[in-house]
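The chain contents come next:
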Amino acid sequence: MRDTITDANFPKTADGRVYHLGIKYGEVANRIVTVGSLSRAEGIAKCFDAFPKRFSLYSERGFLTITGRYRSVPVSIVCIGMGAPNVDFFIREVRECVNGDILIIRLGSCGCLTDLPVGSLILPKASVAITRNLDFDFANGDHWRTPYRLSKPIFADSDLLMTLQRTLESTRPVATSNPIVTNAVNASTDSFYSSQGRQTSFQDHNSGLIDHLKETIPDITSLEMETYWIFHLAASWRGLSSPSPRDPSSAKDPVLPSRCSPHPEDVNLLDDTDKPIPEKDNAQRSLIRAASVQMVFASRRSQDFITPKQVSELEAWSGRAVLEALQAMNVPDDRLHPNEGSVWDLKGVPRKAAL
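Residues numbered from 1 in each chain as written. Predicted model: local features only at pLDDT ≥ 70, side-chain atom pairs only at ≥ 80, totals over all residues. Heavy atoms only, no water.

1. A few points about the side chain of E226
So, step 1. Its place among the elements puts E226 in the loop between β12 (220-224) and α5 (227-236).
So, step 2. A residue is classified by how much of its surface remains accessible, and E226, at 5% relative accessible area, is buried.
So, step 3. Residues within four places of E226 in sequence aside, it is in contact with G81, M82, G83, V87, R106 and S188. (Helix = DSSP H or I, 4+ residues; strand = E, 2+ residues; numbered from the N terminus. Buried < 20%, exposed > 50% of the residue type's maximum accessible area, 1.4 Å probe, protein only. Contact = heavy atoms within 4.5 Å.)

Right under this line is the structure:
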């Protein structure tokens, strides 16, 4: 760490740079592609307009942000690596750096639980989370607890999803017959190994996990590690203009043992952020809208794995389609971050070059 941090609650530098992504106000656009691979981010960025010059920042914490314009529309590509914690850094810190609505499309790889071939594209309508139960005794077994927990589903933004399906079809290479699947449910896990049913030298008690998922979740199709957490945070955002007030009555014991009553009868744990938003405010608040396109890299049925050549072709196609989808989504001007002072501002760019 080279710069002085000004706030331990939400760490920023004196000039407003967030702690993990390293970006500040005006360096990330409202429309965002998020990926896990640096080479994928850089490959998609090659599709950007020539002007203005692309902004690129690789943070000390390993996050890459590239911002420019695609067909005149400001777009950012943010490479976040893998897993729920990195999604949390990404969405919360981006939200602090951009005004207005945020549209996010996750372009990543997945494993497939059906007979779809590698190279297929999955656009999940919903996602669930699968997490290790940390109270389970994995070393010795446990007759009283289940080793894994399954969340209820959270849904993708329907307009963004339909637009993405349309642009994938319209940009499909002539010789490509890869399936595009939309009536699918994704499962995001907290481990590439145990929570995805892979067998390793650890005692993960997961030999029946995949079969259980197929029996329990209709339309379950893919496994990966990020989509649920993106959908969850998008659905959790309520357009607050300031951090939620602290409730002194609940500050001492934020996590209660399961044997305790969740809250005493004389304590109201509802603070202002838990109350319904008045209709007028609800109509004006900013939104976070999210969808995902998943490239099938691994078939859990056949054990096939995608080739480097297939990856290159699939990323080129889907990367372009994601940019087209974001460019096609209508966002009113009053719900966009201002151009003035941003890294995508065309001020000073010759008019002919900007067109």
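2. So, the packing of helix α3 (residues 158-170) against helix α7 (residues 308-328)
So, step 1. Between α3 and α7, whose axes approach to 8 Å, the crossing angle comes to 130 degrees. Judged on the interaxial angle alone, α7 and α3 are oblique. Crossing of α3 against α7: the hand is right-handed. Listed contacts from α7 to T163, L164, T167 and L168 of α3 are W317, S318, A321, V322, E324, A325 and A328. (Axes fitted to C-alpha atoms, helices over the stretch in contact; angles between N-to-C directions. Parallel < 35°, antiparallel > 145°, perpendicular 65-115°, else oblique. Left-handed = near helix turned anticlockwise from the far one by under 90°.)

3. Remarks on helix α1 (residues 38-45)
So, step 1. Buried within α1 are the following residues: R40, A41, I44 and A45. End-on, the buried residues of α1 take up no more than an arc of 135 degrees, which puts them together on one face.
So, step 2. Each element contacted by the buried residues of α1 is listed here: β1 (31-35), β3 (64-70), β4 (73-79), β5 (102-112), β13 (288-299) and α7. (Arc of directions from axis to C-beta.)

4. Some words on the nonpolar core
So, step 1. One finds V33, I77, F90, V94, L168 and V293 to be the most contacted residues of the largest nonpolar core, which totals 74 residues.
So, step 2. In terms of residue count, α7 provides more of this core than any other element does, 8 residues in total. (Core = buried A, V, L, I, M, F, W, Y, C linked by side-chain atoms within 4.5 Å.)

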